[in-house]
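As a plain string of letters, each chain reads:
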Amino acid sequence: MSVTTAILLGLAMGAAFGFLLEKARVFEPAVILGQFQMKSFLMLRVFLAGVAAGLVVLAIMTAFGWVRLSPKALLPMADIAGGLLLGVGIALAGACPGTVLAQIGAGYKDAWFTLLGGVLGALAFTYAEPALRPVLDMAGQGKLTLDMVTGQPFWMLALGFAAILVLALVGLERWRPWRGELGAEADGLLPPQ
C-alpha cells in the first residue's frame, strides 16, 4: 500500500469514526461521566460494538493474508499507570482524546482547554519518559499475544471474541435498553439536561 493510499484510507476511517461518534452522542460530557458513574452504558455499547466490528475486519484481513499484525510489547506497569492517569483525566474533563475533537466541532468551548491539557500532558511525558522508563518497563513480557500463548490462529480467536462481545451487547441491551437511557423520542440527540 502506498503512503498516499494509507493517508487517504486513514482520513476516510477518521471521518467515519467522527461521524459515528457524533451520531451516537458518545462525545457528550454527560454520556462520558454517566459511564464513569455507571449510570449510563451508551458509551460502553458503542465502544464494544466498535471493538467487535474491528475484530471481524482484522480476522478477515489476517486470514486472507492482506495484513500482518505487529503487536507491541506487553508492559503491564505502563498499561496500569497510563490507564489510571487517563481514566482520571477523562472523568475530570468529561472528554477523552477521541471525543475532545468532536466536542470542539460541536461548539464546546471548554474542550479547547481539554485539548491543550492533553497536548501539554503528552509533551510533559515526552520529557519525563527517560526517567520513568525503568518503572514502566517493570514486569515487561515482550511481544506476547493470545494467539502465541494458545497456538490458535488469530482470526479464529478474533471471531470468537467478537461473538462474545455481541452476546454481551445483546445482554446489556436486554438489561438496560438504550431507548430507556436516552428516552423514547431519541433521534440521535440527547434530551436537554
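Residues numbered from 1 in each chain as written. Predicted model: local features only at pLDDT ≥ 70, side-chain atom pairs only at ≥ 80, totals over all residues. Heavy atoms only, no water.

(A) Quick look at helix α8 (residues 154-175). For α8, with 22 residues, the first-to-last C-alpha span of 31 Å sits near the 32 Å given by 1.5 Å per residue. The set of residues buried in α8 consists of Leu 157, Ala 158, Ala 162, Leu 165, Leu 169 and Leu 172. The arc that holds every buried residue of α8, seen down its axis, measures 135°, which confines them to one face. Summarising the geometry of α8, the exposed residues directed more than 90 degrees from the buried face are Ile 164, Leu 167 and Arg 174. Residues of α8 that are buried sit in contact with α3 (42-63) and α7 (146-150). (Helix = DSSP H or I, 4+ residues; strand = E, 2+ residues; numbered from the N terminus. Expected span 1.5 Å × (residues − 1). Buried < 20%, exposed > 50% of the residue type's maximum accessible area, 1.4 Å probe, protein only. Arc of directions from axis to C-beta. Contact = heavy atoms within 4.5 Å.)

(B) Structural detail: a nonpolar patch on the surface. Residues Val 56, Ile 60, Phe 64, Trp 66, Trp 155, Met 156 and Leu 159 make up a contiguous nonpolar surface patch of about 700 Å² in total accessible area. Of all the elements in the fold, those that place two or more residues in the nonpolar patch are α3 and α8. Considering each element in turn, the nonpolar patch owes the most residues, three residues, to α8. Mapped onto the elements of the fold, Met 156 is located in helix α8. (Patch = residues over 30% accessible without salt bridge, like charges linked within 9 Å, V, L, I, M, F, W, Y side chains within 5 Å. Areas by Shrake-Rupley, 256 points an atom, 1.4 Å probe, with all protein chains shown as cover. Salt bridge = Lys/Arg side-chain N within 4 Å of Asp/Glu carboxyl O.)

(C) Main features of the packing of aromatic side chains. Overall, the coordinates contain three aromatic pairs when judged by the stated rule. Their ring planes at 55° and their centres at 5.2 Å tell us that Phe 41 and Trp 175 sit as a pair that is tilted. In this pair, Phe 41 is assigned in the loop between α2 (29-36) and α3 and Trp 175 in helix α8, connecting sequence segments 134 residues apart. Residue class for Trp 175 comes out exposed when judged on its relative accessible area of 54%. For the ring pair Phe 64 and Trp 66, a centre distance of 5.1 Å and an interplane angle of 20° mean the geometry is stacked. Seen from the ring of Trp 175, Arg 176 lies directly overhead, with NZ or CZ sitting 5.3 Å from the centre. (Phe/Tyr/Trp six-rings, centres within 6.5 Å; stacked < 30°, edge-to-face > 60°. Lys NZ or Arg CZ within 6 Å of the ring centre and 35° of its normal.)

(D) Looking closely at the side chain of Thr 99. Checked against the element boundaries, Thr 99 lands in the loop between α4 (76-93) and α5 (100-105). Here Cys 96 takes part through its backbone nitrogen, which lies 2.8 Å from a polar atom of the side chain of Thr 99. When sequence neighbours within four positions are dropped, the list of residues in contact with Thr 99 reads Leu 21, Val 26, Phe 27 and Ile 32. (Polar contact = N/O pair within 3.5 Å; in protein donor to acceptor, adjacent residues only side chain to side chain.)

(E) Geometry of the pattern of salt bridges. As enumerated under the stated definition, the model contains six salt bridges in all. Residues Arg 25 and Glu 22 are paired through a salt bridge, measuring 2.5 Å at the closest nitrogen-oxygen approach. Residue Arg 25 is classed as buried on the basis of its relative accessible area, which comes to 10%. For Glu 22, a relative accessible area of 29% puts it in the partly exposed group. Linking Asp 137 and Arg 133 is a salt bridge whose minimum nitrogen-to-oxygen distance equals 2.8 Å.

(F) Here's a closer look at the packing of α2 against α4. Relative to each other, α2 and α4 sit at 130°, their axes nearing to 9 Å. Taken together, the axis directions place α2 and α4 in an arrangement best described as oblique. Read as a crossing pair, α2 and α4 show a hand that is left-handed. Mapping the contact onto sequence places Ile 32, Leu 33 and Phe 36 in α2 and Gly 87, Ile 90 and Ala 91 in α4. (Axes fitted to C-alpha atoms, helices over the stretch in contact; angles between N-to-C directions. Parallel < 35°, antiparallel > 145°, perpendicular 65-115°, else oblique. Left-handed = near helix turned anticlockwise from the far one by under 90°.)

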